[in-house]
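# Results of the structural survey
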Amino acid sequence: MDEPPLDRAALLARADGPVTRARLVRDLTALGLAEGDTVMFHTRLSALGYVAGGPPALIGALQDAVGERGTLMVTCGWHDALPYGFGDWPRPWQDAVRAEHPAYDPETSEADHDNGRLPEALRRWPGAVRSRHPDVSVAALGAAAAELTADHPWDDPHGPGSPFARLVDLGGRVLMLGAPLETLTLLHHAEALADAPGKRFVEYEQPLLDPAGQRVWRRFRDIDSSGGAFDYSSVTPGGQDPFETIVRDMLAAGIGRRGRVGAADSHLFEAGEVLGFGLAWIQEKLGAAR
């Protein structure tokens, strides 16, 4: 989720000086983040400016803002997950992968690099807990971390009983720190629940560790969160990402708070409002399933 790195002088200029932990706490508090919040956050770190201390400083500031009763959550995924279509590879390639590809391990497997630096930093943080799903894993830190991540469903991992559903049930929030609007992952939970025609699914295999610590292969089924759970082409302007369209419509409807954190244009949403708006938008624009 990070853009190509800028030089330090450019980052300093962007935020009119270094963005310290104390400054981050002030900005996060002004945006509305509060003691006891359970918050899923998405970050484009370079958008904040020069963050003195990098990801640890930002995580520390978020902890300061939500306090001991609060919880932080990020989407991790798995950087070394096999592509969904590896079953179409030549048989010798498949055999080699099946024989030797390492299993997903919540403790050691790297978060997907496409999600930026913060998920990997948080999942390594002392006391952090990561969910068991190899493709859709999340990491959490704080009072509700175990509750959010426990027993992540193997199938329909964006749906009922998932960390995303639990975030909503706990009255959680979603924080976008300079992150592109289309990265608001909670909208995949809306897609998973939506009653609309043409929903797309994928089935795939990944290796993981069984309770005895042995590498096993398991088959999974989920909405197609990569290629698109629905065909949105008729309801998004000019090829705009559908999640960006939904979030812009949500902001236009007065949902969410907007402010600056460091140099970054940032947003804070109530998870329940994101889900409710996303569900209604999808079902209104695409029609109800028959």
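Everything here concerns the structure above.
First, a word on what this report is: a plain description of the structure on this page. None of the values given here were measured: they were computed from a predicted structure. (Residues numbered from 1 in each chain as written. Predicted model: local features only at pLDDT ≥ 70, side-chain atom pairs only at ≥ 80, totals over all residues. Heavy atoms only, no water.)

If you walk across this open sheet you meet the 7 strands as 3-4-2-1-5-9-8, and the pairing is mixed. Every other strand in the sheet has two partners, leaving strand 3 (129-130) and strand 8 (257-261) as the edge strands with one partner each. (Pairing = 2+ DSSP bridges. Helix = DSSP H or I, 4+ residues; strand = E, 2+ residues; numbered from the N terminus.)

This next bit is on the nonpolar core. Side chains of nonpolar character tend, in soluble globular proteins, to be buried together. Within the largest apolar cluster, 40 residues are counted, with the highest numbers of intra-cluster contacts made by Leu184, Phe269 and Ile282. Elements with a minimum of two residues in this core: strand 4 (138-142), helix 6 (145-149), helix 7 (163-169), strand 5 (173-177), helix 8 (186-193), helix 9 (242-252) and helix 10 (271-286). The element best represented in this core is helix 10, accounting for 8 residues. Beyond its immediate chain neighbours, meaning those up to four positions away, Phe269 contacts Arg173, Val174, Met176, Leu184, Val247, Met250, Leu251, Ile255, Gly256 and Val274. Counting 32 residues, the second largest nonpolar core, distinct from the first, contains Ala47, Ala57, Leu58 and Leu177. (Core = buried A, V, L, I, M, F, W, Y, C linked by side-chain atoms within 4.5 Å. Buried < 20%, exposed > 50% of the residue type's maximum accessible area, 1.4 Å probe, protein only. Contact = heavy atoms within 4.5 Å.)

Now for helix 2 (residues 21-31). Among the residues of helix 2, those classed as buried are Arg23, Leu24, Val25, Asp27, Leu28 and Leu31. Looking at the packing, one finds that the buried side of helix 2 touches helix 3 (54-66), strand 5, strand 8 and strand 9 (264-270).

The next subject is the environment of Leu118. Its location among the elements puts Leu118 in helix 5 (residues 117-123). Residue classification places Leu118 among the buried positions, given a relative accessible area of 3%. Sequence separation between Leu118 and Gly54 is 64 residues, and the spatial gap between their C-alpha atoms is 9.2 Å. Those residues in contact with Leu118 that lie beyond four places of it in its chain are Phe41, Thr43, Leu45, Pro55, Leu58 and Ile59.

Its identity is not glycine, yet Asp151 carries a phi of approximately 50°, on the positive side. Along the chain, the position of Asp151 falls in the loop between helix 6 and helix 7. Even without being a glycine, Asp156 presents a positive backbone phi close to 55°.

By the bridge criterion, 5 bridges tie strand 8 to strand 9 in an arrangement that is antiparallel. Of the residues in strand 9, the one forming a bridge with Arg257 is Leu268. Remark: 2 residues form the turn of the hairpin made by strand 8 and strand 9, two consecutive strands paired antiparallel; Gly262 in that turn has positive phi of roughly 60°.

Bringing the packing of helix 8 against helix 10 into the picture now. Packing of helix 8 against helix 10 brings their axes to within 9 Å, and their N-to-C directions diverge by 45°. By the criterion of interaxial angle, the relationship of helix 8 to helix 10 is oblique. The crossing of helix 8 and helix 10 is right-handed. Residue-level inspection shows Leu186, Leu187, His189, Ala190, Glu191 and Leu193 of helix 8 in contact with helix 10, the latter providing Ala271, Val274, Leu275, Gly278, Leu279, Ile282 and Gln283. The residue makeup of the contact of helix 8 with helix 10, split by class, is 9 nonpolar, 3 polar and 1 charged. (Axes fitted to C-alpha atoms, helices over the stretch in contact; angles between N-to-C directions. Parallel < 35°, antiparallel > 145°, perpendicular 65-115°, else oblique. Left-handed = near helix turned anticlockwise from the far one by under 90°. Nonpolar A, V, L, I, M, F, W, Y, C, P; charged D, E, K, R; others polar.)

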